[in-house]
Amino acid sequence: MELTIDKLSKHYGDSIAVDTFSIVLQPGIYGLLGANGSGKTTLMRMICDILKSTSGEVKYNNTNIKKLGEDYRDILGYLPQHFGYYPDFKAYDFLMYFASLKGLPHFKAKEKSLELLEIVNLTEVKNKKIKSFSGGMKQRLGIAQAMLNDPKILILDEPTAGLDPKERVRFRNLISTFGKDRIIILSTHIVSDVEYIADEIIVMKSGQLLNKGNVTQITKSIEGFVWECTVPSKEVKYLNETYTVSNLKNVGDQVSLRIIADKKPCEGAVNTPPNLEDLYLYYFEEGPAL
Ligand SMILES: Nc1ncnc2c1ncn2[C@@H]1O[C@H](COP(=O)(O)OP(=O)(O)OP(=O)(O)O)[C@@H](O)[C@H]1O
């Protein structure tokens with residue numbers, strides 16, 4: 001199974017939301033990481049064939065998805081960023097409704113809805129109205145909706161937005177369990193959402209593919225740029241204004257800093273292995289040093 005995104009672009013007048021983006025995806029979990037406005041939603045909507053590209057194409061197993069039409073929709077699950085939840089629907093009825101929209105026969109819809117409610121841990125509240133749900137519960141119902149047709153390709157646009165840390169972890173674990181034999185693309189601007197569950201991270205900036213690979217591979221690209229140092233507190237202001245500071249901790253009357261810089265930022269600074277958060281700051285923080 002292979003999803004090929006080939007020189008895909010989307011222009012809005014003079015502005016370019018997605019710029020000749022190319023990548024080949026095989027089964028696995030992909031974390032699409034980028035700051036607000038970097039083009040993640042636009043890219044995902046084109047992959048789902050609900051937004052027309054300006055140029056380029058998306059191919060599933062070497063066939064253009066436009067040619068596949070309904071057959072492509074049958075293997076696709078999508079949780080958009082702003083999903084309409086119908087507050088007065090009960091969870092089970094909501095899934096049954098979406099199952100019928102997806103063309104599942106009634107008996108299959110029932111079986112699948114109940115199975116998914118169990119997987120996303122909403123069985124106990126299946127007859128409760130969605131308006132009584134927390135953000136995390138709604139998102140879990142949203143992913144259940146996207147899974148109704150047992151999709152080969154699952155696209156999740158910022159699924160953890162607005163969730164508290166506990167719900168976040170729960171959601172991450174849920175996605176991991178769906179990760180086998182599927183292509184899952186999960187967009188976020190929150191590093192920890194994808195750091196542990198994604199097989200590959202795709203970094204997107206200004207509509208372009210900036211970097212891709214597993215966490216070890218992509219953080220390697222900024223090796224030598226992350227520093228740790230401990231300085232008197234009077235030096236902190238200068239360092240903060242001059243460099244991208246990824247962490248700052250008081251240690252007695254001194255301050256310990258983690259700094260991203262292409263050269264040694266201060267006396268006594270030592271290089272330290274970069275993590276994904278450093279990489280994100282390196283690419284997206286408009287720090288003076290980078
Ligand atoms: N319908 C539109 N008309 C004009 N410009 C658009 C339209 N949709 C998106 N854009 C622009 O395209 C760029 C990419 O937007 P997009 O929503 O894809 O980014 P994103 O990475 O998903 O951001 P966010 O995390 O904020 O959702 C932005 O500059 C946005 O303003």
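Residue indices begin from 1 for each chain and proceed along its sequence in written order. Two thresholds apply to this predicted model, a pLDDT of at least 70 for residue-level local features and 80 or more for giving and counting side-chain atom pairs, whereas whole-chain, interface and lining totals are computed over all residues. Note: side-chain values were computed over all heavy atoms of the structure, leaving out hydrogens and water.

You'll find the protein chain entered in an unreviewed UniProt entry as ABC transporter ATP-binding protein, with Viridibacillus soli given as the organism. As stated in UniProt under Sequence similarities (unreviewed entry), the record for the protein chain gives "Belongs to the ABC transporter superfamily." UniProt positions are given in the numbering used here, feature names are shortened, and annotations may be inferred rather than shown by experiment.

Participant: Before we go on, may I ask you to explain the site of the ligand in this structure?
Facilitator: Nearness is defined per residue: one heavy atom within 4 Å of the molecule or strand is enough. Close contacts around the ligand come from Y12, A17, A35, N36, G37, S38, G39, K40, T41, T42, Q81 and E158, and that covers them all. Counting of polar contacts relies on pairs of N or O atoms within 3.5 Å, with two restrictions inside protein: one atom must be capable of donating a hydrogen and the other of accepting it, and residues adjacent in sequence are counted only when both atoms are side-chain atoms. Taking T41, its side chain carries an N or O atom lying 2.8 Å from an oxygen atom of the ligand. In the model, an oxygen atom of the ligand is placed 2.5 Å from a nitrogen or oxygen of the T42 side chain. Isolated, the ligand exposes 630 Å² of accessible area, and the fraction of that covered by the protein chains is 59%. Accessible surface area values rest on a Shrake-Rupley calculation with a 1.4 Å probe, where residue burial reflects the displayed protein chains alone.

Participant: Just to check I follow, could you spell out the sheet that holds strand 4 (residues 55-60) for this structure?
Facilitator: Strand pairing in a sheet takes place through backbone hydrogen bonds and is either antiparallel or parallel in direction. For two strands to be treated as a pair, DSSP must find at least two bridges joining them. Where helices and strands are cited, they refer to DSSP runs of H or I of at least four residues and of E of at least two residues respectively, numbered from the N terminus. Spatial strand order, 2-1-4-5: four strands in an open sheet with antiparallel pairing. Looking at which strands have only one partner, the edges of the open sheet turn out to be strand 2 (15-25) and strand 5 (63-64). As paired strands, strand 4 and strand 5 are joined by two bridges and run antiparallel to one another. By the bridge assignment for strand 5, Y60 is matched with T63. In this description, contact between two residues means that some pair of their heavy atoms is separated by no more than 4.5 Å. Axis geometry follows a simple rule: fit a line to the C-alpha atoms, using only the stretch in contact for helices, then measure angles between N-to-C directions, giving values from 0 to 180 degrees. Against the sheet, helix 1 (residues 40-47) engages strand 1 (3-12), strand 2 and strand 4, with an angle of about 125° to strand 1.

Participant: Would you mind showing me how to read the UniProt feature "domain: ABC transporter" (unreviewed entry) in the protein chain here?
Facilitator: UniProt's feature table lists "domain: ABC transporter" (unreviewed entry) at residues 3-231, given in the numbering used throughout. Here residues 3-231 is 35% helix and 30% strand, with 50 Å between the C-alpha atoms at its ends.

Participant: Sorry, what's going on with helix 11 (residues 276-284) here?
Facilitator: Given 3.6 residues per helical turn, the α-helix brings residues three or four places apart onto the same face. Each residue gets one of three labels from its accessible area relative to the maximum for its type: buried under 20%, exposed over 50%, partly exposed in between, using a 1.4 Å probe on protein chains only. With seven of its nine residues buried, helix 11 lies for the most part within the structure. Among the residues making up helix 11, those that are buried are L276, D278, L279, Y280, L281, Y283 and F284. Near the N-terminus of helix 11, the side chain that reaches the backbone nitrogen of E277, with its oxygen 3.1 Å away, is that of N275.

Participant: When you look at the environment of G268 in this model, what are you seeing that I'm missing?
Facilitator: Assignment of secondary structure puts G268 in the loop between strand 13 (254-260) and strand 14 (270-271). What makes G268 exposed here is its relative accessible area of 53%.

Participant: How do you make sense of the sheet that holds strand 13 when you look at a structure like this?
Facilitator: Pairing within the open sheet is antiparallel, and its four strands lie in the order 12-13-11-14. Of all strands in the sheet, those with a lone pairing partner are strand 12 (244-251) and strand 14, marking the two edges. Strand contacts of helix 11: strand 11 (226-232), strand 12 and strand 13, with the helix running at about 65° to strand 13, the strand carrying the most contacts.

Participant: Can you walk me through the packing of helix 4 (residues 91-101) against helix 6 (residues 135-147) in this structure?
Facilitator: Angle between the axes and distance between the axes are the two parameters that describe a pair of packed helices. At a minimum axis separation of 9 Å, helix 4 and helix 6 run at an interaxial angle of 30°. Judged by the angle between their axes, helix 4 and helix 6 are roughly parallel. Helix 4 and helix 6 meet at a crossing whose hand is right-handed. Residue-level inspection shows A91, F94, L95 and F98 of helix 4 in contact with helix 6, the latter providing L141, A144 and Q145. Classifying every residue of the contact of helix 4 with helix 6 by side-chain character gives six nonpolar, one polar and no charged. Should an angle fall under 35 degrees it is taken as roughly parallel, and over 145 as roughly antiparallel, whereas 65 to 115 is taken as roughly perpendicular and any remaining angle as oblique. By convention the crossing between two helices is left-handed if the near helix lies anticlockwise of the far one by an angle smaller than a right angle, and right-handed if it lies clockwise. Classification used: nonpolar for Ala, Val, Leu, Ile, Met, Phe, Trp, Tyr, Cys and Pro, charged for Asp, Glu, Lys and Arg, polar for all others including Gly.

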